[in-house]
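Chain residues, written in single-letter form:
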Amino acid sequence: MPVEEKWKANQEKVAYMKKFPGLTLAWTHTQGKTVEAVAPLPAKPGAAVLVFSDGSFAVAPALAPEPWELGEGLAAARRHLEPKHPEAYAQYDQLVRQDKEALRAARLEKILGAIHNNVEQIPELKDRLRRLVDEWK
């Protein structure tokens, strides 16, 4: 088989796969569906095909969300998940507050450290800080 024929055959196969009956390409289209089976992809550990009871399916990547994705996910699904996991959300909210407070404290220490470490090299720093504090009064 010449290279051009192989290329064309592959293109036709890919085009057909992309319009295969039941292929779901948007998570919103899976809403309300029941997962009937989860079939792992042999060539990609962690990835799988989700087969729904109506015959539709979706290919899903490995479930290894980044921390920011988990946080956004918990926020986005809160109204659905919190009634089922109220204690977990209470604990999570406490940890979010603790993290925000630690960030605030770390920023304050960094600013104060920068002032302290530069006050000798920049003599006008004390006067500029006094003026800044006076502006806030």
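Remember, it's a predicted structure, so these values are computed and weren't measured experimentally.

Peer 1: Looking at this structure, how should I read the overall build of the protein chain?
Peer 2: Each helix and strand in the protein chain was counted, giving 5 helices and 3 strands. In the protein chain, the succession of α and β elements from N to C terminus is α-β-β-β-α-α-α-α. Relative to a compact globule of 137 residues, whose C-alpha radius of gyration would be 14 Å, the protein chain shows 28 Å and is clearly more extended. Dimensions along the principal axes, computed over C-alpha positions, put the protein chain at roughly 80 × 50 × 25 Å. Relative to its full complement of 137 residues, the protein chain shows a buried share of 10%. Across the protein chain, every contact between residues at least 6 apart in sequence was considered, and the portion connecting residues at least 24 apart equals 14%. For the protein chain, the exposed area adds up to about 11,800 Å²; of that, 61% sits on carbon and sulfur atoms. Distance from the positive charge centre (20 side chains) to the negative charge centre (19 side chains) of the protein chain: 2 Å.

Peer 1: I keep staring at the sheet that holds strand 1 (residues 35–40) and nothing clicks. Help me out?
Peer 2: Backbone-to-backbone hydrogen bonds join strands into a sheet, with any given pair of strands oriented parallel or antiparallel. The strand order across the open sheet formed by 3 strands is 1-2-3, and the pairing between neighbours is antiparallel. The outermost strands of the open sheet, each flanked by one partner alone, are strand 1 and strand 3 (57–60). Taken pair by pair, the neighbouring strands of this sheet meet at an average axis angle of 20°, ignoring direction. Note: strand 2 (residues 48–52) against strand 3, 4 bridges, orientation antiparallel. In the strand pairing of strand 3, Leu50 is matched with Ala58.

Peer 1: Help me understand the packing of aromatic side chains in this model?
Peer 2: What describes a pair of aromatic rings is the distance from one ring centre to the other and the angle between the planes of the rings. Across all of its chains, the model carries 2 aromatic pairs by this definition. A centroid spacing of 5.7 Å and a plane angle of 80° characterise the contact between Tyr16 and Phe20, whose relative ring orientation is edge-to-face. A relative accessible area of 47% means that Tyr16 is categorised as partly exposed. Seen from their ring centres, Phe20 and Phe57 are 6.1 Å apart, and the 70° between their planes marks the pair as edge-to-face. Of this pair, Phe20 sits in the loop between helix 1 (3–18) and strand 1 while Phe57 sits in strand 3, and the two are 37 residues apart along the sequence. Note on Phe20: relative accessible area 38%, which makes it partly exposed.

Peer 1: How should the pairing of strand 2 be read in this particular structure?
Peer 2: Sheet faces and side chains relate simply in a regular strand, where the side chains alternate between the two faces. With 4 of 5 residues buried, strand 2 lies mostly within the body of the structure. As paired elements, strand 1 and strand 2 share 5 bridges and run antiparallel to each other. Residue pairing across strands places Ala39 opposite Val49, the latter belonging to strand 2. Between strand 2 and strand 3, which pair antiparallel one after the other, the connecting turn spans 4 residues, and Gly55 there sits at a positive phi close to 90°.

Peer 1: Sorry, what's going on with the layout of surface pockets here?
Peer 2: Leftover empty space is mapped by rolling, across the atoms, a probe with the size of a water molecule. Taken as a whole, the largest pocket holds about 330 Å³ of empty space. In this structure, the largest pocket is lined by 13 residues; those nearest its centre are Trp27, Ala60, Pro61, Ala62 and Leu63. When residues of the lining of the largest pocket are traced back to their parent elements, those giving at least two are strand 2 and helix 2 (67–76).

Peer 1: Would you mind showing me how to read a nonpolar patch on the surface here?
Peer 2: Taken together, the side chains of Leu132, Val133 and Trp136 present a nonpolar region at the surface, about 310 Å² in accessible area. By the secondary structure assignment, Leu132 is in helix 5 (residues 125–136).

About the criteria used
- Residues numbered from 1 in each chain as written.
- Predicted model: local features only at pLDDT ≥ 70, side-chain atom pairs only at ≥ 80, totals over all residues.
- Heavy atoms only, no water.
- Helix = DSSP H or I, 4+ residues; strand = E, 2+ residues; numbered from the N terminus.
- Rg over C-alpha atoms; globule rule 2.2 N^0.38 Å.
- Buried < 20%, exposed > 50% of the residue type's maximum accessible area, 1.4 Å probe, protein only.
- Contact = heavy atoms within 4.5 Å.
- Areas by Shrake-Rupley, 256 points an atom, 1.4 Å probe, with all protein chains shown as cover.
- Lys, Arg positive; Asp, Glu negative; His and termini not counted.
- Charge placed at Lys NZ, Arg CZ, Asp CG, Glu CD.
- Pairing = 2+ DSSP bridges.
- Axes fitted to C-alpha atoms, helices over the stretch in contact; angles between N-to-C directions.
- Phe/Tyr/Trp six-rings, centres within 6.5 Å; stacked < 30°, edge-to-face > 60°.
- 1 Å grid on protein atoms, 1.4 Å probe; cavity = no way out; pocket = protein on both sides within 12 Å on 5 of 7 lines; lining within 4 Å.
- Points joined across faces, edges and corners; volume = space filled by probe spheres on them.
- Patch = residues over 30% accessible without salt bridge, like charges linked within 9 Å, V, L, I, M, F, W, Y side chains within 5 Å.
- Salt bridge = Lys/Arg side-chain N within 4 Å of Asp/Glu carboxyl O.

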